[in-house]
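# Report on the structure
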Amino acid sequence: EDKWCAFTGVPHSLAVTSCTTGMHLAVAALDLGPGDEVILPAFTWIATANVIEHQGATPIFCDIDLDTFNIDVSQIESLITDKTVGILPVHLFGLAADMNPIMAIAKKHGLWVVEDAACGFGATYGGQHVGYFGNAGAFSFHPRKAITTGEGGMVTTADEVLATKIQQLRDHGAVLSDLQRHLGPKPYLLADHIHAGYNQRMTDIQGALGAAQMDRAADIVAERRAIAANFEEAFSGLNWLRTPTAPNGSEHGYQSYPCLFSPEEITPASVERINEQRNAWMEELQGQGISTRPATHAVHMLTFYAKKYGLTPEAFPNAYAANHCSISLPLFHGMTDAEQTYVIEKVTGAQFA
């Protein structure tokens, strides 16, 4: 936790069992409940919506900007109602959401902000690491992440009162942690429990794994950016593949390398056709030993949310397009020059109009 604070510059960090439980603890500590609404991007991992749903609140989906895959800030304010209590922006794939206008909207309407920074390790905005801007942020240490503890996560906040409440909620609602109790004047007495909390503490073993990796955190980020730079240079001439970039003032952490596959202009009429071509290309790459995947999924298209809220794919056209036309290429710690060259050869050798 101390190493995470030092790396991100956020005053308080609390290790938890996953990014999902971290977001859950944050919204629970902010008293999210039935009847409330929270705005989030339609293109994200399902956990972003699930933590809202699990509190009995309603997720209000917002379309994305296809240039960044992040929430389209220009659409947020139109979604605010008298039931809106918060915004849950996502720093998708290692690129920070546009936090200044998001925070301005939140301040104007009296809303809280929780940053889904699952992929946010190494991502900065205006020189500040993500996880600092909102009331709280949550990071993932899943096996696919740049820093991994197998499973695990971290909640960050600059709010000391909120940090204390999250710490209590992750430990069954206890007013003191076991460590605080053991180091206190009466370690033989059990602590009071002031909340109906949860058991969402990271284990010491997981903590040890994460702490060791944090000693080379800067090198891990630098390596991922170097690989991404190699890909960007190699793919810059491909007019059918849009590669990830960072807007001015942001630094990309490159948790993954999500591209937009567009052998023709992406329109509502062409999305399904492009999707068929993308899937065929992914199958071809798989046969050549190169694993790919869609960048992530459009949550409003998944069965639970589509059925419960009566949502069609076209309700959020950019999220629909990203769901069907995105492709993440391999980028990982320890990726050799030969492996990078192989991926570059197979991608640049593909033929699309």
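The present account deals with the structure reproduced in this document. Because the structure is predicted, anything quoted here is derived from the model rather than measured. (Residues numbered from 1 in each chain as written. Predicted model: local features only at pLDDT ≥ 70, side-chain atom pairs only at ≥ 80, totals over all residues. Heavy atoms only, no water.)

### Some details on the pairing of strand β4 (residues 84–87)
Here is the rule we go by: In short, DSSP must find at least two bridges between two strands for them to pair. Secondary structure elements are defined from DSSP: runs of H or I of at least 4 residues count as helices, runs of E of at least 2 residues count as strands, and each element is numbered from the N terminus. If you view a crossover with the strands going away from you and the path from the first strand over the helix to the second runs clockwise, you call it right-handed.
Taken together, the 3 bridges between strand β2 (residues 37–41) and β4 define a ladder with parallel strand orientation. Residue pairing for β4: I39 is matched across the bridge by I87. Pairing between β4 and strand β5 (residues 112–117): 2 bridges, direction parallel. Bridge pairing links G86 to W112 in β5. For the crossover from β4 across helix α4 (residues 99–109) to β5, the handedness is right-handed.

### Some remarks on the pairing of strand β12 (residues 257–261)
We count it as follows: Under the scheme applied here, a residue whose accessible area is under 20% of the maximum for its type counts as buried, over 50% as exposed, and between as partly exposed, the area being computed with a 1.4 Å probe on protein chains only.
Burial analysis of β12 places 5 of its 5 residues in the buried class, which makes it a mostly covered element. Neither face of β12 is open: one carries Y257, C259 and F261, the other P258 and L260, and all of them are buried. Across 2 bridges, strand β10 (residues 241–242) lies against β12 in antiparallel orientation. Bridging across to β12, R242 finds its partner in L260. Two elements, β12 and strand β13 (residues 326–329), share 4 bridges in a ladder whose sense is antiparallel. Among the inter-strand pairings, C259 is bridged to a residue of β13, identified as I327.

### Thoughts on the packing of helix α2 (residues 19–29) against helix α3 (residues 47–54)
Selection criterion: For helices, the fitted line uses only the C-alpha atoms of the stretch in contact; every axis is such a line through C-alpha atoms, and the angle between N-to-C directions lies from 0 to 180 degrees. For this classification, under 35 degrees means roughly parallel, over 145 means roughly antiparallel, 65 to 115 means roughly perpendicular, and everything else is oblique. When the near helix sits turned anticlockwise from the far one by under a right angle, the crossing is termed left-handed; a clockwise turn instead gives a right-handed crossing. The criterion used for residue contact is that any of the two residues' heavy atoms lie within 4.5 Å. For this scheme, ten residues count as nonpolar: Ala, Val, Leu, Ile, Met, Phe, Trp, Tyr, Cys and Pro. Four count as charged, namely Asp, Glu, Lys and Arg, and the remainder, Gly too, count as polar.
Closest axis-to-axis distance for the α2/α3 pair is 9 Å, and the angle between their directions is 40 degrees. Classed by the angle they form, the pair α2 and α3 counts as oblique. You can see that α2 and α3 cross each other, and the crossing is right-handed. Every residue of α3 that contacts α2 at T20, M23, H24 and V27 is listed here: A47, T48 and V51. Taken together, the residues of the contact of α2 with α3 sort by class into 4 nonpolar, 3 polar and no charged.

### Comments concerning the packing of aromatic side chains
For clarity, the cut-off: Put simply, two rings from Phe, Tyr or Trp (the six-membered ring, in Trp's case) pair if the centres are within 6.5 Å, and we call them stacked under 30 degrees between planes, edge-to-face over 60, tilted for the rest. Two thresholds decide whether a charge sits over a ring: the Lys NZ or Arg CZ must be within 6 Å of the ring centre and within 35 degrees of the ring normal.
As enumerated under the stated definition, the model contains 22 aromatic pairs in all. Relative to Y309, the ring of Y305 lies with its centre 6.3 Å away and its plane at 10 degrees, an arrangement referred to as stacked. With Y305 and Y309 both in helix α10 (residues 303–309) and 4 residues apart, this pair spans about one turn of that helix. Using a relative accessible area of 0% as the deciding quantity, one classes Y305 as buried. Y309 gets classed as partly exposed once you look at its relative accessible area, which sits at 27%. Put simply, the rings of W4, F7, F121, F139 and F141 pair up and form one aromatic cluster. Directly above the aromatic system of F69 lies the positively charged group of R242, at a separation of 4.9 Å from the ring centroid.

Keep in mind that these numbers describe shape and distance, not what the molecule does.
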